[in-house]
Amino acid sequence: MPTPNTMITTSARGILLDIEGTTSSISFVYDVMFPYVRCNLQNYLAANWNLDATIEAIAGLAADIDQPSASAWLAGKSVEEQQRIVQDAVLQMMDSDIKATGLKQLQGMIWKSGFHSGQLVAHLFSDVAPAIRSWHAAGVDVRIYSSGSIAAQKLFFGHSIEGNLLNCLGGHYDTTIGPKQAAASYTAIASEFSCPASQILFISDVPAELEAAKIAGCQTVLSLRPGNQPVDPAHGFASVVSFAELSVTAIPQTKFSEIPAQ
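Just so we're clear, the structure is a prediction, and the values are computed from it rather than from any experiment. (Residues numbered from 1 in each chain as written. Predicted model: local features only at pLDDT ≥ 70, side-chain atom pairs only at ≥ 80, totals over all residues. Heavy atoms only, no water.)

Enquirer: Outline helix α6 (residues 128-137), supporting the account with residue identities and numerical values.
Expert: By the burial criterion, the buried members of α6 are V128, A129, A131, I132 and W135. Taken around the axis of α6, the buried residues stretch over an arc of 165°, which confines them to a single face. Residues of α6 that are buried in the fold lie against β2 (14-17), β3 (141-145), α7 (150-158), β5 (200-204) and β8 (246-250). Immediately beyond the C-terminal end of α6, within one or two residues, lies G139, with a positive phi of roughly 100°. (Buried < 20%, exposed > 50% of the residue type's maximum accessible area, 1.4 Å probe, protein only. Helix = DSSP H or I, 4+ residues; strand = E, 2+ residues; numbered from the N terminus. Arc of directions from axis to C-beta. Contact = heavy atoms within 4.5 Å.)

In structure tokens, the structure reads:
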């Protein structure tokens, strides 16, 4: 079990949060959300095969596996065979823990049906919702950056065990803005925040992501949660086991044009 740390005090314009291992347990994603896709994939494809959203997701899936197009990939097959091919591709990618845009899109559509039906309710650590609400009320711009699609993120925080938190979140980012272990991704996100990267605090359980954010100039904190992968003690990042260990004072919003030259 992680050891509690002393309070970390900082000032920030924005807080950028990872999901798995930071706001929610990794086990919820792998033991609940992914199995839900596996159990419902076949029936979902059969019931929604001709929807524009499904067609778009399958086109993305074809690109994920380097097919020239969805039509070329599935040409000459019956509808049942096409659905089976898509299903096999999804399951193979999930077995390999591949994080790809088309796959995430299709997973998100299946999760949407689960969250809306009440079969899925997103797990959050007990300290997360109070912290997000407190930061938001204090004027800190809280946003999410996850490998899961933006649509899936909104479902997650809109249907959590603590209720709907979307009104406390100022934005969402997925890998369409860039890989989470690339500094350029955090530079692009800082531009979306309309503030210097130094005014953004990024919290994640993955040191390589924190390193990329640090290179971009962001403040960083390592999340130590039950069930997370062990990390090298020499990682060098400040760490917390609970968001209650963070004291964040909001920096008033400032336009880039108003920032004095250094």
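Enquirer: So what's going on with the layout of surface pockets? Residues and values would help.
Expert: When its volume is computed, the largest pocket comes out at roughly 300 Å³. Taken together, 16 residues make up the lining of the largest pocket; nearest its centre are E20, K99, D205, V206 and E209. If you list the elements that add at least two residues to the lining of the largest pocket, you get α1 (26-48) and α9 (207-216). Classifying every residue of the lining of the largest pocket gives five nonpolar, four polar and seven charged. (1 Å grid on protein atoms, 1.4 Å probe; cavity = no way out; pocket = protein on both sides within 12 Å on 5 of 7 lines; lining within 4 Å. Points joined across faces, edges and corners; volume = space filled by probe spheres on them. Nonpolar A, V, L, I, M, F, W, Y, C, P; charged D, E, K, R; others polar.)

Enquirer: An account of empty space enclosed by the protein is requested, with residue identities and associated values reported.
Expert: Evaluation of the coordinates by the stated rule reveals two cavities of 30 Å³ or more. Looking at the largest cavity, its volume works out to about 140 Å³. Lining the largest cavity are I19, E20, V29, M33, F34, K104, W111, S146, G148, A152, Q153 and F156. Of all the secondary-structure elements, those providing two or more residues to the lining of the largest cavity are α1, α5 (101-117) and α7. Taken together, F34, M94, D97, I98, L103, K104 and Q107 make up the lining of the second largest cavity. A class-by-class count of the residues in the lining of the second largest cavity yields four nonpolar, one polar and two charged.

Enquirer: Any details on the packing of aromatic side chains? Residues and values, ideally.
Expert: One pass over the structure, following the stated rule, counts seven aromatic pairs. Between the aromatic rings of F34 and W111, the centroid separation amounts to 6.0 Å while the plane-to-plane angle is 15°, which identifies the pairing as stacked. Residue F34 is found in helix α1, and its partner W111 is found in helix α5; the two are separated by 77 residues along the sequence. A residue is classified by how much of its surface remains accessible, and F34, at 10% relative accessible area, is buried. With a centroid separation of 5.4 Å and 75° between ring planes, the pair formed by Y145 and Y186 is classed as edge-to-face. Taken together, the residues span a long stretch of sequence, with Y145 in strand β3 and Y186 in helix α8 (residues 183-193) at a distance of 41 residues. Taken as a pair, Y145 and Y186 share a single burial class, namely buried. Grouping aromatic residues by their ring pairs yields a cluster made of F28, F156 and F157. Above the plane of the ring of F193 lies R143, whose end atom (NZ or CZ) is 4.1 Å from the centre. Residue placement shows K180 over the ring face of Y145; its charged tip is 5.4 Å from the ring centre. (Phe/Tyr/Trp six-rings, centres within 6.5 Å; stacked < 30°, edge-to-face > 60°. Lys NZ or Arg CZ within 6 Å of the ring centre and 35° of its normal.)

Enquirer: Describe in detail the nonpolar core, supporting the description with residues and values.
Expert: The tendency in soluble globular proteins is for nonpolar side chains to be buried side by side. In this structure, V86, W111, W135 and L246 are the most contacted members of the largest nonpolar core, which totals 60 residues. Ranked by residues supplied to this core, first place goes to α1 with nine residues. (Core = buried A, V, L, I, M, F, W, Y, C linked by side-chain atoms within 4.5 Å.)

Enquirer: Give a detailed account of the packing of α5 against α7, specifying residues and quantitative values.
Expert: Close contact between α5 and α7 brings their axes to 9 Å; oriented N to C, the two are set at 15°. One way to sum up the angle between α5 and α7 is to call them roughly parallel. As for the relative orientation of α5 and α7, their crossing is left-handed in sense. The segment α5 lies against α7, with G108, W111, K112, F115 and H116 engaging A152, L155 and F156. (Axes fitted to C-alpha atoms, helices over the stretch in contact; angles between N-to-C directions. Parallel < 35°, antiparallel > 145°, perpendicular 65-115°, else oblique. Left-handed = near helix turned anticlockwise from the far one by under 90°.)

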